[in-house]
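# Residue-level structural notes
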Amino acid sequence: MDDGETLHYDKLAICTGSLVKTLPFDSEYANIFYIRTGSDVAKLKEQVQVGKKVLIIGAGYIGLEVAAIINNLGLQVTIVEMASRILERVTSETISSFYTKVHRQAGVEVLTNTSVEGLSENNNGIEVITSNGGIISDFVIVGIGVLPCDTLASDSGIEVNNGIIVDEFCRTSNDSVFSAGDCTMHPNIFYKKNIRLESVHNAIE
């Protein structure tokens, strides 16, 4: 704790969550938005105006949900995803194809196999330099995943590998310490391996 107090426990649960992953290059522009908190949404809401062009980087849960909402509000939406299909890491090809079709039918442009290489500002807005050329929009929303907050566990000698490693009972390598949520690398019965799944529903379960 910040005040230096020491607390003793019989069992401990580490549910430290995650931090939003940022772009690997300079992106300190006023019209680039990350969505993690209520204040992030409030700032973004000020930009939502009919007819504006918006580019969403990342076709995961956040990117697709935001695309659906602001597209319905009358904005022109383009999604760029570096993977070969949307939701590639978390779902099957059938589900990916279904949601790609739903978004495109609604008017959202979905570009897969497209990586982002840089950003620049000009009089027309902000240009995102991609592997398939530049795209100019009024503002950009970034949803490229999160990073697990696993430093506490790691510093305590608990096994960590891209998240706090837990078994099917949410137990860490220390039998007295458990962990749950976005910070964990946990067994998945469908994929038959450990995965880290950033999802509210998964964390609750």
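The present account deals with the structure reproduced in this document. (Residues numbered from 1 in each chain as written. Predicted model: local features only at pLDDT ≥ 70, side-chain atom pairs only at ≥ 80, totals over all residues. Heavy atoms only, no water.)

## Some words on the overall build of the chain
Rules: In DSSP terms, a helix is any run of H or I states spanning at least four residues, a strand is any run of E spanning at least two, and both are numbered starting from the N terminus. Accessible area is worked out with a 1.4 Å probe on protein chains only. A residue is then buried under 20% of its type maximum, exposed over 50%, and partly exposed in between. In what follows, residue pairs with any heavy atoms lying within 4.5 Å of each other are defined as contacts. All accessibility values rest on the Shrake-Rupley procedure with a 1.4 Å probe; residue burial counts only the protein chains present in the view. Positive charges are assigned to Lys and Arg, negative charges to Asp and Glu, while His and the chain termini are left out of the count. Working definition for charges: the position is that of NZ of Lys, CZ of Arg, CG of Asp or CD of Glu.
Regarding its fold elements, the chain presents 5 helices and 15 strands. Dimensions of the chain, computed from C-alpha atoms along their principal axes, come out at roughly 60 × 45 × 30 Å. Buried positions account for 39% of the 205 residues belonging to the chain. Taking contacts inside the chain between residues at least 6 apart in sequence as the whole, the part at least 24 apart equals 52%. Of the roughly 12,200 Å² of accessible surface on the chain, 52% is carried by carbon and sulfur atoms. Positive and negative side-chain charges in the chain, numbering 15 and 26 respectively, have mean positions lying 8 Å apart.

## Some points on the packing of aromatic side chains
Note the cut-off: Each Phe, Tyr or Trp ring, with Trp reduced to its six-membered ring, pairs with another whose centre is within 6.5 Å; inter-plane angles below 30 degrees give stacked pairs, above 60 give edge-to-face pairs, and intermediate values give tilted ones.
For the structure shown, the criterion picks out 2 aromatic pairs. Centroid distance Phe33 to Phe139: 6.0 Å. Interplanar angle 90 degrees. Geometry classified as edge-to-face. One end of the pair, Phe33, is in strand β3 (residues 32-34); the other, Phe139, is in strand β10 (residues 139-142), with 106 residues separating them in the sequence. Residues Phe33 and Phe139 agree in their burial class; the two are buried. Aromatic side chains Phe98 and Tyr99 sit 5.0 Å apart centroid to centroid with 80 degrees between the ring planes, which places their arrangement in the edge-to-face category. A relative accessible area of 47% means that Phe98 is categorised as partly exposed. The exposure class assigned to Tyr99 is partly exposed, which follows from its relative accessible area of 36%.

## Quick word on the pattern of salt bridges
Operational definition: Here, a salt bridge means any Lys or Arg side-chain nitrogen found within 4 Å of an Asp or Glu carboxyl oxygen.
Within this structure, the stated rule accounts for 4 salt bridges. Between Arg36 and Asp182 there is a salt bridge, with its nearest N and O atoms 3.8 Å apart. Residue Arg36 is located in the loop between β3 and α1 (38-45), and its partner Asp182 is located in the loop between β13 (177-179) and β14 (184-188); the two are separated by 146 residues in the primary sequence. Judged by its relative accessible area of 12%, Asp182 is buried. Here Arg171 makes a salt bridge to Asp167, at a shortest N to O gap of 2.9 Å. Within the structure, one salt-bridge network assembled from shared partners comprises Arg89, Arg196 and Glu198.

## Some words on the pairing of strand β5 (residues 76-80)
Just so we agree on the cut-off: Whether two strands pair comes down to DSSP finding at least two bridges between them. With strands facing away from the observer, any crossover in which the path from the first strand over the helix to the second runs clockwise is taken as right-handed.
Here β5 lies mainly inside the structure; 4 of its 5 residues are buried. In this structure, β5 lies alongside strand β6 (residues 109-111), joined through 3 bridges in parallel fashion. Following the sheet pairing, Ile79 is matched in β6 by Val110. In this fold, β5 hands off to helix α3 (residues 93-105), which returns the chain to β6; that crossover is right-handed.

## Observations concerning the sheet that holds strand β12 (residues 164-165)
Whenever strands of a sheet pair, they do so through backbone hydrogen bonds, lying parallel or antiparallel. The 3 strands are arranged β12-β14-β15 in an open sheet whose pairing can be described as mixed. Since the sheet does not close on itself, it has two edges, and those belong to β12 and β15 (193-195), each with one partner. Note that β14 and β15 share 3 bridges and pair antiparallel. Paired with Pro187 across the strands is Asn194, a residue of β15.

## Observations regarding the environment of Ile57
The topology assignment puts Ile57 in strand β4 (residues 53-57). Sequence spacing of Ile57 and Glu81 is 24 residues, and the spatial spacing of their C-alpha atoms is 6.4 Å. Look past the residues within four positions of Ile57 in its chain and what remains in contact with it is Leu23, Val80, Val116, Val128, Val140, Ile141, Val142, Gly143 and Ile144.

## Concerning a nonpolar patch on the surface
Put simply, the rule is: Patch rule: a residue counts if its relative accessible area is over 30% and it has no salt bridge; like charges are joined within 9 Å, and nonpolar side chains (Val, Leu, Ile, Met, Phe, Trp, Tyr) within 5 Å.
On the surface, a cluster of nonpolar side chains totalling about 340 Å² of accessible area is made up of Ile95, Phe98, Tyr99 and Val102. In this structure, Phe98 sits in helix α3.

## Some thoughts on helix α2 (residues 61-72)
Here is the rule we go by: Any helix carries an expected span of 1.5 Å times its number of residues minus one. What the arc measures is the spread of directions leading from the helix axis to the C-beta atoms.
The first and last C-alpha atoms of α2 sit 17 Å apart over 12 residues, in line with the 16 Å expected at 1.5 Å per residue. Those residues of α2 that sit buried are Gly63, Leu64, Val66, Ala67, Ile70 and Asn71. Projected down its long axis, α2 carries its buried residues within an arc of 165 degrees, all on one side. Opposite the buried face of α2, by more than 90 degrees, sit the exposed residues Ile69 and Asn72. Buried residues in α2 make contact with β4, β5, α3 and β10. One or two residues past the end of α2 sits Gly74, with phi positive at roughly 95 degrees.

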